[in-house]
Amino acid sequence: MSARHFLSLLDCTPQELESLVRRGSELKDLRKRGVLFEPLKSRVLGMIFEKASTRTRLSFEAGMIQLGGQAIFLSPRDTQLGRGEPISDSAIVMSRMLDAVMIRTFAHSTLTDFAAHSSVPVINGLSDDLHPCQLLADMQTFHEHRGSIAGKTVAWIGDGNNMCNSYMEAAMQFDFQLRIACPEGYEPNAALLAQAGDRVMLLRDPREAAAGAHLISTDVWASMGQEDEVAARMATFRAYQVDRALLDSAADDVLFMHCLPAHRGEEISEDLLDDPRSVAWDQAENRLHAQKALLEFLVAPASNNA
Ligand code: CP
Ligand code: NVA
């Protein structure tokens with residue numbers, strides 16, 4: 001199938017990603033100025049959610065409507081996907097009716113299987129392995145506050161999860177140094193770590209990772225699908241809470257990011273989202289603008305010809 005997909009940041013060139021980030025800011029400006037911009041009139045995005053979501057669902061749905069199109073929410077509970085219809089068959093059928101498909105799933109192979117049989121672009125709205133759309137928003141947010149991230153140092157504190165894996169891909173694509181501080185047994189994807197080479201450093205001590213960093217980011221200690229591990233993880237990750245003191249040890253102009261939802265008192269201190277160095281709300285808003293740029297990039301506008 002010839003459609004262009006966005007399953008990972010590595011599906012784009014660094015130049016394409018740079019343009020997406022800039023375009024996200026331009027589309028944000030158009031929206032702030034109340035300019036109507038509807039290149040995707042009559043285009044339809046299907047959204048398959050196997051996991052819960054607030055930001056991803058809203059930003060894709062609102063984004064499609066703002067671009068002049070529509071989005072349809074699909075859950076395995078209400079479709080034949082939940083009753084065992086093969087991913088490949090579903091992909092063939094759905095992509096004959098839709099102009100793009102966004103999938104939030106557990107196994108990353110669901111995305112790759114679907115994409116292999118889809119005639120339209122498939123977008124990763126989060127898998128157990130990666131969360132590339134969040135990274136578009138994070139990179140846009142950094143750029144808006146501090147300019148280029150190239151050559152900067154980013155600290156990832158906590159679980160080596162899907163977000164951490166996408167930060168490793170971002171380090172390669174946006175050319176920054178990444179220091180990951182995680183407990184033993186919670187390391188990120190080994191193949192990506194090897195691929196990133198000396199761009200990514202794996203540490204145990206959060207203070208060592210945060211020292212002098214220009215961006216500190218973290219995420220929940222137990223991701224969706226890990227509900228059975230919550231108690232064990234709470235104990236293991238206790239020393240990995242990000243608080244104001246940790247930000248004080250970073251660069252003077254450090255930013256703090258969290259993809260949200262956050263658990264105050266766990267991976268972040270109660271007051272961290274109120275700290276002026278936190279840009280978590282801008283980050284959340286930028287999901288909308290960054291993904292509108294992505295949709296504009298991936299989805300062909302309808303032709304005017306009859
Ligand atoms: N950050 C993020 O993906 O949020 P949701 O789970 O609410 O979509
Ligand atoms: N790591 C989290 C991110 C949620 C947006 C999860 O997968 O649940």
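Residues numbered from 1 in each chain as written. Chains lettered and ligands numbered in written order. Predicted model: local features only at pLDDT ≥ 70, side-chain atom pairs only at ≥ 80, totals over all residues.

A count of helical and extended segments in the protein gives 11 helices and nine strands. Relative to a compact globule of 306 residues, whose C-alpha radius of gyration would be 19 Å, the protein shows 19 Å and is just as compact. Referenced to the eigenvectors of the C-alpha coordinate spread, the extents of the protein come out at roughly 60 × 45 × 35 Å. Within the span of the protein, comprising 306 residues, buried residues form 48% of the whole. In the protein, of all internal contacts separated by at least 6 residues, the share reaching a separation of at least 24 is 74%. (Helix = DSSP H or I, 4+ residues; strand = E, 2+ residues; numbered from the N terminus. Rg over C-alpha atoms; globule rule 2.2 N^0.38 Å. Buried ≥ 20, exposed ≤ 12 C-beta atoms within 10 Å, placed from the backbone. Contact = placed C-beta atoms within 7 Å.)

Strands belonging to one sheet form pairs held by backbone hydrogen bonds; the direction of such a pair is parallel or antiparallel. Pairing is parallel across the open sheet formed by four strands, whose spatial order is E2-E1-E3-E4. Where the open sheet ends on each side, the last strands, each with one partner, are strand E2 (70–74) and strand E4 (122–124). The sheet shows a mean angle of 20 degrees between the axes of neighbouring strands, taken without regard to direction. (Pairing = 2+ DSSP bridges. Axes fitted to C-alpha atoms, helices over the stretch in contact; angles between N-to-C directions.)

Attention now moves to helix H3 (residues 87–97). Turning to H3, its buried residues are Ile 87, Ser 90, Ala 91, Met 94 and Ser 95. Taken around the axis of H3, the buried residues stretch over an arc of 115 degrees, which confines them to a single face. Among the exposed residues of H3, those oriented more than 90 degrees off its buried face are Asp 89, Arg 96 and Met 97. (Arc of directions from axis to C-beta.)

Turning our attention to the packing of helix H1 (residues 14–32) against helix H5 (residues 132–146). Put simply, H1 and H5 touch, their axes get as near as 9 Å, and they point 70 degrees apart. On the basis of their axis angle, the class for H1 and H5 is roughly perpendicular. Crossing hand, H1 versus H5: right-handed. Counting all contacts with H1, which are made through Leu 20, Val 21, Gly 24 and Ser 25, the residues of H5 involved are Leu 136, Met 139, Gln 140, His 143 and Glu 144. Residues belonging to the contact of H1 with H5 are distributed by class as follows: four nonpolar, four polar and one charged. (Parallel < 35°, antiparallel > 145°, perpendicular 65-115°, else oblique. Left-handed = near helix turned anticlockwise from the far one by under 90°. Nonpolar A, V, L, I, M, F, W, Y, C, P; charged D, E, K, R; others polar.)

Right, let's talk about the site of ligand 2 for a bit. Surrounding ligand 2, one finds Leu 126, Asn 161, Asn 162, Met 163, Asp 219, Val 220, Ser 223, Met 224 and Cys 259. Here the residues of the shell around ligand 2 are counted per class, giving five nonpolar, three polar and one charged. (Near = placed C-beta within 6 Å.)

It is worth spelling out the nonpolar core at this point. Counting residues in hydrophobic clusters, the biggest one holds 86 residues, and the most contacted among them are Val 101, Tyr 167, Ala 171 and Ile 216. The element that contributes the greatest number of residues to this core is helix H6 (residues 162–174), accounting for seven residues. Sequence-distant contacts of Val 101, defined by excluding residues within four places in its chain, comprise Gly 46, Ile 48, Met 94, Ser 95, Phe 114, Ser 118, Val 120 and Val 122. (Core = buried A, V, L, I, M, F, W, Y, C linked by C-beta atoms within 7 Å.)

Before going further, it helps to spend a moment on unusual backbone geometry. With an omega of 5 degrees, the peptide bond running from Leu 260 to Pro 261 counts as cis. With respect to the helices and strands, the residue Pro 261 is situated in the loop between strand E9 (255–258) and helix H11 (280–298). Of note, the phi angle at Asp 175 is positive, near 65 degrees, even though the residue is not glycine. If you trace the backbone, Asp 175 turns up in the loop between H6 and strand E6 (177–181). A count of 14 C-beta atoms within 10 Å places Asp 175 in the partly exposed class. The phi torsion at Leu 260 lies on the positive side, around 65 degrees, for a residue other than glycine. Turning to its location among the elements, Leu 260 is positioned in the loop between E9 and H11.

Another point: the environment of Ser 269. When you line up the elements, Ser 269 lands in the loop between E9 and H11. When the 18 C-beta atoms within 10 Å are taken as the criterion, Ser 269 is described as partly exposed. The spatial distance from the C-alpha of Ser 269 to the C-alpha of Gln 241 is 6.7 Å, given a sequence separation of 28 residues.

Before going further, it helps to examine the UniProt feature "domain: Aspartate/ornithine carbamoyltransferase carbamoyl-P binding" (unreviewed entry) in the protein. UniProt's feature table lists "domain: Aspartate/ornithine carbamoyltransferase carbamoyl-P binding" (unreviewed entry) at residues 4–144, given in the numbering used throughout. Taken end to end, residues 4–144 comprises 46% helix and 13% strand; its first and last C-alpha atoms sit 27 Å apart. (UniProt positions renumbered as here; feature names shortened; annotations may be inferred.)

Moving on, we come to helix H2 (residues 55–66). One turn of an α-helix holds 3.6 residues; hence residues three or four places apart share an orientation. Its 12 residues give H2 an end-to-end C-alpha distance of 16 Å, which sits within 8% of 16 Å, the value for a rise of 1.5 Å per residue. Considered for burial, the residues of H2 that qualify are Arg 55, Thr 56, Ser 59, Phe 60, Gly 63 and Met 64. Taken end-on, H2 shows its buried residues confined to a sector of 140 degrees, consistent with a single buried face. Positive backbone phi, approximately 100 degrees, marks Gly 68, located one or two places after H2. (Expected span 1.5 Å × (residues − 1).)

To continue, consider the site of ligand 1. Close contacts around ligand 1 come from Ser 53, Thr 54, Arg 55, Thr 56, Leu 126, Gln 134, Cys 259 and Leu 260, and that covers them all. Of the residues that constitute the shell around ligand 1, the class distribution is three nonpolar, four polar and one charged.

Take the packing of H3 against helix H4 (residues 108–117) next. Axis separation between H3 and H4 bottoms out at 8 Å; the angle between their running directions is 45 degrees. Here H4 runs oblique to H3, going by the angle between their axes. Read as a crossing pair, H3 and H4 show a hand that is right-handed. In this structure, H3 contributes Ile 87, Ser 88, Ala 91 and Ile 92 to the contact, and H4 contributes Thr 110, Asp 113, Phe 114 and His 117. Among the residues forming the contact of H3 with H4, the class breakdown is four nonpolar, three polar and one charged.

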